[in-house]
Amino acid sequence: MRFVIIYWTRFGNNKKIVDYLAEKLQGEVQIFKTDEANPAAMPEADFYVFSSAAEAFRLQKNMMAFMKNLQNMDGKKYGIINTHAMKKRNWLKKMEKLLTKKNMVKVAEVDFRMEGDVDNAEGLQEGWEAKLDAFCAKLK
Ligand SMILES: Cc1cc2nc3c(=O)[nH]c(=O)nc-3n(C[C@H](O)[C@H](O)[C@H](O)COP(=O)(O)O)c2cc1C
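Considering the overall build of the chain
Inference 1: The number of helices and strands found in the chain is four helices and six strands.
Inference 2: Each helix and strand of the chain, ordered N terminal to C terminal, gives the series β-α-β-β-β-α-β-α-β-α.
Inference 3: Radius of gyration (C-alpha) of the chain: 14 Å, near the 14 Å computed for a compact globule of 140 residues.
Inference 4: Of all 140 residues assigned to the chain, the portion counted as buried reaches 35%.

Structure (structure tokens):
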């Protein structure tokens, strides 16, 4: 299986998430930060994963622009990951909406609420690895 992972991070939590995924996923995994890949010419893959923080009451803007600019992704399968500090709100629905517009097909989603001080890379709550293992199991 081939996986392409696109992420955006400010403090490192989303990087930690995608690095963990890269170790767990069986197959060929490519990881790009949003400014390292071209959304109009994505590498071929069986699954695409998008992992991003929420900022300023929305999906972080670089990830939002990346998703809006995707091209030729019809029928491609994806998983989405959102980290956020707010208790009751995550941005998975927004991510899904943007990718549905590209005719992509969702197979997995997971969100992580950051704990305590949100401005460090240690904000993932205990049990985050198990949540990601369950996410990984759906990318098949
Ligand atoms: C400028 C800024 C704005 C933020 N706005 C929100 C927000 O509106 N809602 C929210 O749930 N979290 C918000 N956060 C918290 C981030 O979602 C959190 O720091 C991030 O998910 C951590 O991931 P990262 O380490 O990969 O950057 C904000 C953080 C920053 C720095």
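Some words on unusual backbone geometry
Inference 1: Phi is positive for alanine 56, close to 55 degrees, though the residue is something other than glycine.
Inference 2: Structurally, alanine 56 can be placed in the loop between strand S3 (47-55) and strand S4 (58-59).
Inference 3: Judged by the 7 C-beta atoms lying within 10 Å of it, alanine 56 falls in the exposed class.
Inference 4: Even without a glycine there, the phi angle at asparagine 72 is positive, about 55 degrees.
Inference 5: One can find asparagine 72 in the loop between helix H2 (61-68) and strand S5 (77-84).

Observations concerning the packing of helix H1 (residues 13-24) against helix H4 (residues 128-138)
Inference 1: The geometry of H1 relative to H4 is characterised by a closest axis approach of 10 Å and an angle of 55 degrees between their N-to-C directions. When the axes of H1 and H4 are compared, the pair comes out oblique. Our pair here, H1 against H4, has a crossing hand that is right-handed. Residues Ile17, Tyr20, Leu21 and Lys24 of H1 pack against Glu129, Leu132, Asp133 and Cys136 of H4.
Inference 2: Tallied by class, the residues present in the contact of H1 with H4 amount to five nonpolar, no polar and three charged.

Focus on the nonpolar core
One broad rule of soluble globular proteins: the nonpolar side chains tend to lie buried together.
Inference 1: Ranked by internal contacts, the top residues of the largest apolar core, which has 32 residues, are Ile5, Leu21, Val49, Phe50, Met67, Tyr78 and Met95.
Inference 2: Breaking this core down by element, the ones donating at least two residues are strand S1 (2-8), H1, S3, H2, S5, helix H3 (92-100) and H4.
Inference 3: Dropping the residues within four chain positions of it, methionine 67 is found in contact with Phe50, Met95, Leu98 and Leu99.

Topic: the site of the ligand
Inference 1: Lining the immediate environment of the ligand, one finds 19 residues, of which Thr9, Phe11, Asn13, Thr83 and His84 sit closest.
Inference 2: Broken down by element, the shell around the ligand gets its largest block of residues, three residues, from S3.
Inference 3: When the residues that make up the shell around the ligand are grouped by side-chain class, the tally is ten nonpolar, seven polar and two charged.

Description of the pairing of strand S2 (residues 28-33)
Inference 1: Bridge count between S1 and S2: six bridges; the pairing is parallel. Residue pairing for S2: isoleucine 5 is matched across the bridge by isoleucine 31.
Inference 2: Remark: the S1/H1/S2 crossover connection has right-handed handedness.

Some words on the environment of glutamate 126
Inference 1: Within the element layout of this structure, glutamate 126 appears in the loop between strand S6 (105-113) and H4.
Inference 2: In the structure, glutamate 126 is positioned 62 residues away from methionine 64 in sequence and 28 Å away in space, judged by C-alpha atoms.

Here we look at the pairing of S1
Inference 1: Counting buried residues along S1, six of its seven residues qualify, which places the element largely inside the surrounding structure.
Inference 2: As paired strands, S1 and S3 are joined by six bridges and run parallel to one another. Counted as the bridge partner of isoleucine 6 is phenylalanine 50 from S3.

A short note on the environment of glutamate 96
Inference 1: Relative to the elements of secondary structure, glutamate 96 occurs in helix H3.
Inference 2: C-beta crowding within 10 Å serves as the criterion here: with 15 such atoms nearby, glutamate 96 is assigned to the partly exposed category.
Inference 3: Along the backbone, glutamate 96 and methionine 67 are 29 residues apart, and their C-alpha atoms lie at a distance of 9.8 Å.
Inference 4: Once you skip the residues sitting within four places of it in the chain, glutamate 96 turns out to touch Ile80 and Lys106.

What counts and what doesn't
- Counting from 1, residues in each chain are numbered in the order their sequence is written.
- Residue-level local features of this predicted model are given only where pLDDT is at least 70; pairs of side-chain atoms are given and counted only at 80 or more, and the full residue set underlies all totals for whole chains, interfaces and linings.
- A run of H or I in DSSP counts as a helix once it spans at least four residues, and a run of E counts as a strand once it spans at least two, with each numbered from the N terminus.
- Radius of gyration means the value over C-alpha atoms here, while the globule rule gives 2.2 Å times the residue count to the 0.38 power.
- Residues are called buried when their C-beta atom has 20 or more other C-beta atoms within 10 Å, exposed when it has 12 or fewer, and partly exposed otherwise; all C-beta atoms are positioned from the backbone.
- Axes here mean lines fitted to C-alpha atoms, for a helix over just the part in contact, with angles spanning 0 to 180 degrees between N-to-C directions.
- Reported orientations rely on four angle classes, namely roughly parallel under 35 degrees, roughly antiparallel over 145, roughly perpendicular from 65 to 115, and oblique for the rest.
- Crossings are assigned a handedness: left-handed for a near helix turned anticlockwise from the far helix by less than a right angle, right-handed for a clockwise turn.
- Contacts are defined on C-beta atoms placed from the backbone: any two residues whose C-beta positions lie within 7 Å are in contact.
- Asp, Glu, Lys and Arg are counted as charged, while Ala, Val, Leu, Ile, Met, Phe, Trp, Tyr, Cys and Pro are counted as nonpolar; the rest, among them Gly, fall into the polar class.
- Here a nonpolar core is just a set of buried residues of the types Ala, Val, Leu, Ile, Met, Phe, Trp, Tyr and Cys, joined wherever their C-beta atoms sit within 7 Å.
- Using a C-beta atom placed from the backbone, a residue is described as near a molecule or strand when that atom lies within 6 Å of it.
- In this analysis, strands are considered paired if DSSP registers two or more bridges between them.
- Crossovers are marked right-handed if the path from the first strand over the helix to the second runs clockwise, as seen with the strands pointing away from the viewer.

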